[in-house]
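Single-letter residue listing:
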Amino acid sequence: MKDMVEKKDKEEKKYYDIRSKIIVVTERILSDKSLIERKAYSEAAFFLMNDVYINKDDFFAGKLERCGYVNMYPINMKQELDYFQKENFEKIEEYRSMLTAEKIGLFTRSPGAHAVPAYDVLVQEGLQKRIDYIRNVRMDSQSEEKRCFYISELLVLCAMQERILKYAKEAERCYKIYGHKNLKRIQESCEWIASHQPRSFHEAIQLVFLAHEHVLAEAGSGSISFGRLDQYLYPFYKKDLYSKKITKADAQEMITAFWRKIAEYELGWQNVTLGGCNKDGIDMCNDLTIFCMNASLIVKGDQPQVSLRVHKNMPQTIWEKAFELIQTGMGFPELYNDEIAVKAKMGWGGVSKKDAWNYSIVGCVELSAGGKEYSHTEGARFNWLKILELMLNEGKCSITGLDWKLTEKHMLNEIRSFHEFYEWYKRELENFTRFICDYIDDLSRQYANYWPVPFLSSMMQGCIENGRDVTDCGTIYNNLTVDCVGVASVADALEAIEVLVFQEKIINLNELATILSSNFEGFDFIREKMLSCPKYGNDISSVDSKVKDLTELFVNTLSEVSMKYRKGKYQAGFYTSYFHATMGMLTGASADGRKAKDALSSSLSPTAGMDKNGPTALLNSANRINMECFSNGMVLDLKFTADFFENEKHRLAIQFLIEEYFENGGLEIQFNALDKKTLLEAKKNPFKYRNLIVRVSGFSAYFVTLEESLQDEIIKRTEHKVS
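## Focus: the overall build of the protein
- On a plain count of helices and strands, the protein comes out with 30 helices and 14 strands.
- For the protein, whose C-alpha radius of gyration is 26 Å, the value lies close to the compact-globule estimate of 27 Å for 723 residues.
- Principal axes of the C-alpha set define a box for the protein whose edges measure 80 × 65 × 50 Å.
- Within the protein, buried positions represent 62% of all 723 residues.
- For the protein, the share of sequence-separated contacts (at least 6 apart) that also reach a separation of at least 24 residues comes to 78%.
- As displayed, the protein has an accessible area near 27300 Å², and 49% of this comes from carbon and sulfur atoms.
- The positive charge centre, built from 93 side chains, and the negative charge centre, built from 103, are 3 Å apart in the protein.

Right under this line is the structure:
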């Protein structure tokens, strides 16, 4: 993954010179303007000055690239805190402690960017309606702050119109040279959508893609997602199909071409949500649901990520296509339970019933009210196992040697029962959770002042109506989120402590601390005892109940904390992306038998290789957890051999397992369908397997680009079979 990021940085260098010139010019000439106006001018200038290119074989204009022409979020936590210090001196020293938390692998933060723009509304209305609305209705605002916002919105939207027309002229030029009919269609589509609502399937896709190009360039990162693509494009497809302007084969060709354009932006966490039902349980799958999955089968790229909403009345044809795609091993589609997802968004995300039923997936697995929610879905990530390490080491990180101040201080030799130790852990978990909530809420208030996003704001419902940037609570739902890492790891470790220290009394807590600080050197026997203790994911109530208890404590704590600035709720996320590896590198040896610096457990999945009782036992363990509370999403990974899904009986057995898991309250499930031998060979010969895509934790990526610790964690995952 590091190599891929470095490669992308080199590719993007060509934009930096022009970006720097634009920023210098705007800062000098527009020094009297507000920050959001200067940023909007910079964005507009960038798109108007930057050349456009169309290849002779293109179906659509546009190119997704990481431009980052203005800073749309802080470079790092230190910069964010430096800006916060200008606004609030009272808490700065307390909050600067989070820099230490980041260094020791206890906490990290990647706010901003993640959103599902209202592309559904865009294709219904077109660009011009938004521009006219601002000009005719909103520009007379008496508020100077709102007036600056509306000027910024006009700048970026009009710049997009001009850039679309530039694409039209380039397509016309290319058509004269090559004579390809697709180039003529691009020209005509761009000429029309620059100032009109799309009329055709091609025009709708073209408008979505060019809007996406602008949003991604502004964000400077990925995780901007497409929402329910098969739903909002379907009316255009249906109209063209019935009028015989296109055939089903034509539509499939266009969707596939669209997929190829998206796939050029590797490791972009761009999610497409398919399928689902409405509030009456009526299936909403259509031809495009199939065409989109077919496109993933054909293109075989890591983008876009594909999510499938599942419900009781989903047609068998959709199940079959989903399994065909899963069988490729790319990790698509991830499956979501409509019933539980809707309950999560309504009950714990504060979303209306109507908007909850229209939920989609942003980035990895984050549930979102598409086009209406901006919730900093990566706003905080918390390593649960690190708390346990600090408790056993008087607050000292065993990897870095840095100190962290725990809420309570206890002498290990004075703790007489597991209950006493466990309650201490829970208090530390709860107190740090509360601290995180205050921290991310306080820091979020400065984003409108330093990191506004004028173009994304133009694509989110409510912002133009409210005259507020999306970072300034401009859209409909403005939540914050805290995501968790190492859940199974800490439950397994606590289980081992209960068994070995307090039940069998093989060692005491002081001896445990010594053994872990040595990374088990000379203590292989004790490590084997730890590894043999009950592990989450095997349908064993003693350890499963700890996961249930801790997740309930966590989400209840979030629900009890009131926001001071944001106007929403704190949401819980139980997915780790790649952070179970990076945070694991900063976490010492643990009582579950894990060695120092090894990857932590992934998301809500068991520790890699520790679920030994089969997939039914794993799902039973997971179903003990109340997933209706996870309004920012979760991940449960299962791994099968590559040839497993070739057998129809196996597919039906897995379908039954999924349906039962969802019936019992499961929210999400995803699959790797690659055998261990292939993965080991890919690690050994990366060039030969450079196109091998695997499911990591909430996203898919090219296996050879992943850090070694992530590769090893995926290889170790249990290969399940259905008996």
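## Observations regarding the sheet that holds strand 1 (residues 107-108)
- The strand order across the open sheet built from 4 strands is 1-7-8-9, with neighbouring strands paired in mixed fashion. Each edge of the open sheet carries a strand with a single partner, namely strand 1 and strand 9 (570-573).
- Pairing analysis gives 3 bridges linking strand 7 (residues 381-383) to strand 8 (residues 480-485), with the strands arranged parallel. Residue pairing in the sheet places Phe382 in a bridge with Cys484 of strand 8.

## Thoughts on the side chain of Thr289
- Examined against the element boundaries, Thr289 turns out to sit in helix 13 (residues 287-299).
- Within the local environment of Thr289, its side chain forms a polar contact with the side chain of Asp230, the two groups lying 2.7 Å apart.
- Within the structure, Thr289 has its side chain in polar contact with the backbone nitrogen of Asn286 (distance 3.0 Å).

## Comments concerning the side chain of Gln79
- Its location among the elements puts Gln79 in helix 3 (residues 77-87).
- Every residue in contact with Gln79, bar those within four places of it in the chain, is listed here: Pro74 and Trp451.

## Comments concerning the pattern of salt bridges
- Per the counting criterion, the structure on display carries 43 salt bridges.
- A salt bridge links Lys345 to Glu373, with the nearest nitrogen and oxygen atoms 3.1 Å apart. Taken together, the residues Lys345 in helix 15 (residues 338-349) and Glu373 in the loop between strand 6 (366-368) and strand 7 connect sequence positions 28 residues apart. Taken as a pair, Lys345 and Glu373 share a single burial class, namely buried.
- In this structure, the salt-bridge partner of Arg624 is Asp544, at a minimum N-O distance of 2.5 Å. Of the two residues, Arg624 is situated in the loop between helix 27 (615-622) and strand 10 (637-640) and Asp544 in helix 25 (residues 541-560); the sequence distance between them amounts to 80 residues.
- Of the residues examined, Asp544 reaches a relative accessible area of 0% and is grouped as buried.
- One network of salt bridges, with partners in common, ties together Lys91, Asp438, Asp442, Arg445 and Lys564.

## Some words on the sheet that holds strand 2 (residues 271-275)
- Sheet architecture is open: 6 strands sit in the order 2-3-4-11-10-14, paired in mixed fashion. In the strand order of this sheet, the two ends are held by strand 2 and strand 14 (719-720), each with one partner.
- For strand 4 (residues 334-337) and strand 11 (residues 668-672), the ladder comprises 2 bridges, and the chain directions are antiparallel. Each bridged residue has a counterpart across the sheet, and for Leu335 the counterpart in strand 11 is Ile669.

## Looking at the state of the cysteines
- Taken as a whole and assessed by the stated rule, the structure comprises 0 disulfides.
- With no disulfide partner, Cys148 has as its closest neighbouring cysteine sulfur the one in Cys463, 16 Å distant.
- Exposure remark for Cys148: the relative accessible area of 7% places this residue in the buried category.
- Just so you know, Cys158 is unpaired, no disulfide at all, and the nearest cysteine sulfur is the one on Cys148, 17 Å from it.

## A short note on helix 23 (residues 509-517)
- For helix 23, the full list of buried residues reads Leu509, Leu512, Ala513, Ile515 and Leu516. What you see down the axis of helix 23 is that its buried residues fit within an arc of 165°, all on one side.
- For helix 23, the elements touching its buried residues are helix 18 (418-444), helix 22 (487-503) and helix 24 (524-532).
- Count one or two residues on from helix 23 and you reach Asn519, which has phi positive near 60°.

## Description of the pairing of strand 11
- Of all 5 residues in strand 11, 5 are buried, a share of seventy percent or more.
- Of the two faces of strand 11, both are covered, the one formed by Glu668, Gln670 and Asn672 as well as the one formed by Ile669 and Phe671.
- Taken together, the 3 bridges between strand 10 and strand 11 define a ladder with parallel strand orientation. By the bridge assignment, Leu638 is partnered in strand 11 with Phe671.
- Handedness of the β-α-β unit built from strand 10, helix 28 (residues 648-663) and strand 11 comes out right-handed.

## Observations regarding the packing of aromatic side chains
- A full pass over the atoms with the stated rule returns 40 aromatic pairs.
- Their ring planes at 40° and their centres at 4.4 Å tell us that Phe574 and Phe630 sit as a pair that is tilted. Of this pair, Phe574 sits in the loop between strand 9 and helix 26 (579-582) while Phe630 sits in the loop between helix 27 and strand 10, and the two are 56 residues apart along the sequence.
- The class of Phe574 is buried, set by a relative accessible area of 0%.
- Residue class for Phe630 comes out buried when judged on its relative accessible area of 1%.
- With a centroid separation of 4.6 Å and 25° between ring planes, the pair formed by Tyr578 and Phe579 is classed as stacked.
- Tyr578 gets classed as partly exposed once you look at its relative accessible area, which sits at 22%.

## Observations concerning helix 30 (residues 708-716)
- Every buried residue belonging to helix 30 is among Leu710, Gln711, Glu713, Ile714 and Ile715, and all of these are buried.
- Of the surrounding elements, those touching the buried residues of helix 30 are helix 26, strand 10, strand 11, helix 29 (676-684) and strand 12 (693-695).

How each quantity is defined
Residues numbered from 1 in each chain as written. Predicted model: local features only at pLDDT ≥ 70, side-chain atom pairs only at ≥ 80, totals over all residues. Heavy atoms only, no water. Helix = DSSP H or I, 4+ residues; strand = E, 2+ residues; numbered from the N terminus. Rg over C-alpha atoms; globule rule 2.2 N^0.38 Å. Buried < 20%, exposed > 50% of the residue type's maximum accessible area, 1.4 Å probe, protein only. Contact = heavy atoms within 4.5 Å. Areas by Shrake-Rupley, 256 points an atom, 1.4 Å probe, with all protein chains shown as cover. Lys, Arg positive; Asp, Glu negative; His and termini not counted. Charge placed at Lys NZ, Arg CZ, Asp CG, Glu CD. Pairing = 2+ DSSP bridges. Polar contact = N/O pair within 3.5 Å; in protein donor to acceptor, adjacent residues only side chain to side chain. Salt bridge = Lys/Arg side-chain N within 4 Å of Asp/Glu carboxyl O. Disulfide = S-S within 2.5 Å. Arc of directions from axis to C-beta. Right-handed = clockwise from strand over helix to strand, strands pointing away. Phe/Tyr/Trp six-rings, centres within 6.5 Å; stacked < 30°, edge-to-face > 60°.

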